[in-house]
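Listed here are the chains, written in short residue letters.
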Amino acid sequence: MNVREALQRTKHWVDTEGSRIPGFLGAYVAGSSTRMPLDAPFAPWRDVDIVIATTDANEVRMPPLEFVHQEVIVECGCLDAKLFQRAEDIVATPEHADNLAAGVILSDPTGAFQKLHERVAVEFPRRPWVRARCEAHQRTFLTHLEQATQARAAGMYPLMLMHYHAALVYLSGLVALSHLRPITVRQCFVLSGELLERQGLGALHEESLELLGSASLSKVEVEHFHADFMRAFDRAIEVKRGDIPYGFKLRAHLRRAYLEGTQEMIDAGRHREAAFWFFGLYFLALMVIQKDAPGDERPVFQARFDAFFARLDLHPTADWMGRLRRAKAVFERFREASETALASTPAIKD
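Residues numbered from 1 in each chain as written. Predicted model: local features only at pLDDT ≥ 70, side-chain atom pairs only at ≥ 80, totals over all residues. Heavy atoms only, no water.

Even after reading the chapter, I still don't get empty space enclosed by the protein, so can you show me in this structure?
Where empty space is left in the structure can be found by rolling a water-sized probe over the atoms. Here the structure, examined in full by the defined rule, presents 3 cavities of 30 Å³ or more. As a volume, the largest cavity reaches approximately 60 Å³. Forming the walls of the largest cavity are Pro94, Ala97, Asp98, Phe124, Arg133, Ala176, Leu177, Leu180, Arg181, Pro182 and Ile183. Of all the secondary-structure elements, those providing two or more residues to the lining of the largest cavity are helix 4 (94-102) and helix 7 (157-178). Partitioning the lining of the largest cavity into residue classes produces 8 nonpolar, no polar and 3 charged. (1 Å grid on protein atoms, 1.4 Å probe; cavity = no way out; pocket = protein on both sides within 12 Å on 5 of 7 lines; lining within 4 Å. Points joined across faces, edges and corners; volume = space filled by probe spheres on them. Helix = DSSP H or I, 4+ residues; strand = E, 2+ residues; numbered from the N terminus. Nonpolar A, V, L, I, M, F, W, Y, C, P; charged D, E, K, R; others polar.)

This is the structure we're talking about:
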């Protein structure tokens, strides 16, 4: 299958199923699929992310859908149609601007998305809007970091870890935005590392890996911990009852994405960055196991997880206040690197 075929099959789902969602006003593709050549191979483990605009508030509150349609993995989120009324709001928003600038529209009954795409595509590379997107990302990073700090003070380790993980995603995305590159999650530190190294700031990338706890990890270690994660993922799928936050990420059809998508980075020499991709997922899988697995199994999986997080120095008794302070200092240097890129990236227009 190539990218064109994957998009065609996704459009078929939108036309036959997605369009039946209450309040449906249109759908477009988000994420890396928007920038891939149409004739490029589309690996079976990759997914197509789509956004559906709806006027139905109940649909907006629902968690994203994760499913397989005609052998294509699809993740679908519903957003309030009010978000898409003004191009000026979209082009200033990191999460939406690149996707609508790319303009891979799957359904547009009123023609509104096409008009929005045309306006966003023109404004997208202009410096004031690039700066607005970077500043929005900075604010979100600082919000998550503050929430992680508050959770740490309250002794709420899972909540702290969730916000810390989110903060690091936004930290890495700041570099991508200032280079007019799409933000990503799976390869977020791969991309930021490549861009920082291109700016002669490889040492700053190493500092970000220190925040992850993965700077000194060997390829062998990452492969070992990744194998432990896959065992936990498989068992979590088997025993899962009910739901947990971000539980939609624990679906059997996502196995190849977590297995092969991680191995792709490891094989490319980015094993330290790959550790970030699965450490949050590992924590989710462990939560399910500790809640739903037989009692005699839980200590085994907990011990493997603890060994991984001890190696990353992300365990509950680590010096989290020191790490959070270092994260703020590294962020300031990322912000400087972003400003440099914003001033020197040729594609950015005044």
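Hey, could you run me through the nonpolar core in this one?
Generally speaking, soluble globular proteins have nonpolar side chains that are buried together. Phe84, Tyr164, Tyr258 and Phe309 are the most contacted members of the largest nonpolar core, which totals 96 residues. For Phe309, the residues in contact, after removing those within four places along its chain, are Tyr157, Leu161, Phe279, Leu314 and His315. In terms of nonpolar packing, the next biggest core, distinct from the first, is built from 22 residues, Trp13, Phe24, Ala27 and Ile52 among them. (Core = buried A, V, L, I, M, F, W, Y, C linked by side-chain atoms within 4.5 Å. Buried < 20%, exposed > 50% of the residue type's maximum accessible area, 1.4 Å probe, protein only. Contact = heavy atoms within 4.5 Å.)

I tried to follow helix 12 (residues 271-292) on my own but got confused; where do I start?
An α-helical turn contains 3.6 residues, so any two residues separated by three or four positions project in the same direction. Between its first and last C-alpha, helix 12 extends 31 Å over 22 residues, near the 32 Å set by a 1.5 Å rise per residue. Of all the bends in helix 12, the greatest, near 30 degrees, is centred on Phe278. Buried residues dominate helix 12, accounting for 19 of its 22 residues. (Expected span 1.5 Å × (residues − 1). Bend = angle between axes of the 7 residues up to and from the residue.)

What am I meant to see in the packing of aromatic side chains here?
The description of an aromatic ring pair rests on the distance of the ring centres and on the angle between the ring planes. Using the criterion set out here, one finds 25 aromatic pairs in the structure. On the numbers, 5.1 Å between centres and 90 degrees between planes, the contact of Tyr164 with Trp320 is edge-to-face. Of the two residues, Tyr164 is situated in helix 7 and Trp320 in helix 14 (residues 320-344); the sequence distance between them amounts to 156 residues. Residues Phe308 and Phe309 carry aromatic rings whose centres are separated by 5.6 Å and whose planes lie at 70 degrees to one another, so their mutual orientation is edge-to-face. The two residues Phe308 and Phe309 agree in class, both being buried. Sitting over the ring of Phe301, Arg304 keeps its end group 5.4 Å from the ring centre. Above the plane of the ring of Trp320 lies Arg323, whose end atom (NZ or CZ) is 5.6 Å from the centre. (Phe/Tyr/Trp six-rings, centres within 6.5 Å; stacked < 30°, edge-to-face > 60°. Lys NZ or Arg CZ within 6 Å of the ring centre and 35° of its normal.)

Would you mind showing me how to read the layout of surface pockets here?
What the second largest pocket holds in volume is close to 180 Å³. Taken together, Leu25, Ala53, Ala81, Phe84, Gln85, Asp108, Thr110, Ala112, Phe113 and Leu116 form the lining of the second largest pocket. It is helix 5 (residues 112-123) that provides the largest number of residues to the lining of the second largest pocket, a total of 3 residues. Split into classes, the residues belonging to the lining of the second largest pocket amount to 7 nonpolar, 2 polar and 1 charged.

When you look at the pairing of strand 4 (residues 72-80) in this model, what are you seeing that I'm missing?
Alignment of strand 2 (residues 47-54) against strand 4, held across 8 bridges, turns out to be parallel. Its bridge partner being in strand 4, Asp49 is matched across the sheet by Glu75. As paired elements, strand 3 (residues 65-69) and strand 4 share 5 bridges and run antiparallel to each other. Across the sheet, residue Leu65 finds its bridge partner in strand 4, namely Cys76. Here strand 3 folds back onto strand 4 in antiparallel fashion, the turn holding 2 residues, of which Gln70 has a positive phi close to 50 degrees. (Pairing = 2+ DSSP bridges.)

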